[in-house]
Structures are given as C-alpha cells and as structure tokens.
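Residues per chain, in single letters:
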Amino acid sequence: VMSKNTTLQATKRDDAGSSVAKRLRRSGIVPAVVYGAQQDNYSIQLPAKAITDLLHASSTENVLVNLQIEGAKEKDKMALIQAVQHDPLTGAIIHVDFHAVKAGEKINATVPLVLTGTAAGIQMGGLMDHQLHTIDVQCLPEDLPEQLEVDVTALQIGEAAHVSDIVLPANVEVALDGDVVVALVQEIRVGKEEAETPEAEGEGEEGAEGAAEGEGGGDGGGEGSGGDGEKSGG
C-alpha cells in the first residue's frame, strides 16, 4: 500500500517561545518546525484539525505531505512528518517536526508491519505472537509505502514468519536481517495444563474408587460385606 501524498496548508512564523506556542494552541493552531534537505530550519504553524485528521486517517505518523507554506521562500515543500509531540494528559498534538525531502533523494522512515490472513496454527488452537509491529525502510519519497504486509496463512503451531517473508515494493529496502522474527504461532500452554488437570483428578478418583472396591472384595461384594457388618453389629 503506497503512502498517500496529502497537502497541508501552513504559515511561516518568526515569533517563538513557550508563551507564543501556548497561545497558538489555545487558538487551534499547532506550532511546528521544518528542517533538512540542505536548508535552514524555520518555524511554521498549521491548523490543529488538519494535522489531527491526517494522522487519525493514517496507520503511521511518518506521513509524507506537501506543505503549502505561506510566507516562505519555497512555498511548496515536500516533507516527511518525522516526530509528533502529544500532550501527556489529553493526547492532543502540541508540536510537529517536518523533515523536508527532495524527489530523487532516499529517505528513512518507519512504517507499520501488518499481518494478513489467518494462520493455520490458530485454527488448531495456537496463539499468534506478533513481535514486530513496525519496521524501518529506506526508499525514495515517491516509493514510500503506507504499510508493509506479511502473509501468515501457512503458519502452523511452532512456525514463524521472518523479515525475509515481507513483500517489499520495488525500490524499498529494510535494514533488519532477513532472519529476524516478525510473528510466530505458539502453543497455548496454559490451556493445555488446565485441560490436563481435571483428567488427572479424574484418574485419582477412579484409583480411589478402585481401591475401595478392592477392599470390599469387588463389585457388589463391598456392599454385601457392608451389609453383613451391619447385621452382625445389630
């Protein structure tokens, strides 16, 4: 799945400082910074709703966008959302770092790693352990995938999918070794133990009954001897 290229309207700003940032946030504006691609870093601001809606609709925060920056020398700027700061209490976006990129120059980004299909081992009672949820990729901006996928349909209990099993689009590279585990199907040990416990108890009960029967001299004999005992006691 290729990354969507979205346009965001922004404005270059010269004032800085925490008091200015707080005032902007109160008025529904998010402060941000643009850096990279052989340029000077500079501050911008953009509507909080626009950036919030964009990230809510995306499976990753590393989104490639076209910034339309009012007041900047280069009004059209292709940039990768590099970092997003959230308010620890409300979760609201309070600052964004944009890394300016150029077409034809490779970028590094982190994309989600999604499992597709239902593993055969799951249908046999296994449990899927998804160990690698994101992965770092390197590619040209125009080749950036929104996510990468691994088909786990054939996995039996005890089998794993590896980085080498990821379906990579053309011109996209990953830094991890191919033998790194992405996901594996595990046997549910707790469930197995719980299943064995009643059986063990049942065997114990049967053994006790058998011992009692043996003491009584077999089926019916125990009841008869018990009866004799009652008679002699009377």
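Residues numbered from 1 in each chain as written. Predicted model: local features only at pLDDT ≥ 70, side-chain atom pairs only at ≥ 80, totals over all residues. Heavy atoms only, no water.

Quick look at the sheet that holds strand E11 (residues 160-162)
Line of reasoning, step 1. Here we have 3 strands laid out as an open sheet, ordered E8-E13-E11, and antiparallel in their pairing. Each end of this open sheet is capped by a strand with a single partner; those strands are strand E8 (126-130) and E11. Along the sheet, successive strands turn relative to each other by an average axial angle of 10°, direction set aside.
Line of reasoning, step 2. Sheet topology places E8 next to strand E13 (residues 181-187); 5 bridges connect them, and they run antiparallel. When the sheet's bridge partners are listed, Gly 126 is paired in E13 with Glu 187. (Pairing = 2+ DSSP bridges. Helix = DSSP H or I, 4+ residues; strand = E, 2+ residues; numbered from the N terminus. Axes fitted to C-alpha atoms, helices over the stretch in contact; angles between N-to-C directions.)

Details of the nonpolar core
Line of reasoning, step 1. One finds Leu 113, Ile 135, Val 137, Leu 144, Ile 166 and Val 182 to be the most contacted residues of the largest nonpolar core, which totals 25 residues.
Line of reasoning, step 2. Those elements that provide at least two residues to this core are strand E5 (76-86), strand E7 (107-116), strand E9 (134-139), strand E10 (148-151) and E13.
Line of reasoning, step 3. Those residues in contact with Val 137 that sit more than four places away from it in its chain are Ile 107, Asn 108, Ala 109, Val 111, Leu 144, Leu 148, Val 172, Glu 173 and Val 174.
Line of reasoning, step 4. Of all hydrophobic cores here, the second largest spans 23 residues; its members include Ala 10, Val 34, Ile 44 and Leu 67. (Core = buried A, V, L, I, M, F, W, Y, C linked by side-chain atoms within 4.5 Å. Buried < 20%, exposed > 50% of the residue type's maximum accessible area, 1.4 Å probe, protein only. Contact = heavy atoms within 4.5 Å.)

Observations regarding the pattern of salt bridges
Line of reasoning, step 1. One pass over the structure, following the stated rule, counts 3 salt bridges.
Line of reasoning, step 2. In this structure, Lys 49 engages Asp 53 in a salt bridge whose closest nitrogen and oxygen atoms are separated by 2.6 Å. Here Lys 49 pairs with Asp 53, and both are found in helix H2 (residues 48-56), just 4 residues apart, close to one helical turn.
Line of reasoning, step 3. With relative accessibility at 60%, the residue Lys 49 sits in the exposed group. (Salt bridge = Lys/Arg side-chain N within 4 Å of Asp/Glu carboxyl O.)

Some words on the sheet that holds strand E1 (residues 6-12)
Pairing between the strands of a sheet comes from backbone hydrogen bonds, and it takes one of two forms, parallel or antiparallel.
Line of reasoning, step 1. Read around the barrel, 6 strands follow the order E1-E3-E2-E6-E5-E4 and close on themselves; strand pairing throughout is mixed. Ignoring which end each strand starts from, the neighbouring axes of this sheet average 45° apart.
Line of reasoning, step 2. Bridge count for E1 against strand E3 (residues 42-47) is 2 bridges, and the pairing is antiparallel. Bridging from a neighbouring strand, Lys 12 pairs with Ile 44 of E3.
Line of reasoning, step 3. Here H2 sits on the sheet and contacts E1, strand E2 (29-35), E3, strand E4 (64-70), E5 and strand E6 (93-100); the angle it forms with E3, its principal contact strand, is near 80°.

Overview of the environment of Met 128
Line of reasoning, step 1. Position of Met 128 relative to the elements: it lies in strand E8.
Line of reasoning, step 2. Each C-alpha atom of the pair Met 128 and Ile 157 lies 9.1 Å from the other, and the pair is 29 residues apart in sequence.
Line of reasoning, step 3. In this structure Met 128 touches Leu 115, Ala 119, Ile 122, Val 152, Ala 183, Leu 184 and Val 185, once residues within four positions along its chain are discounted.

Honestly, that's just the spatial picture; any functional story needs more than this.
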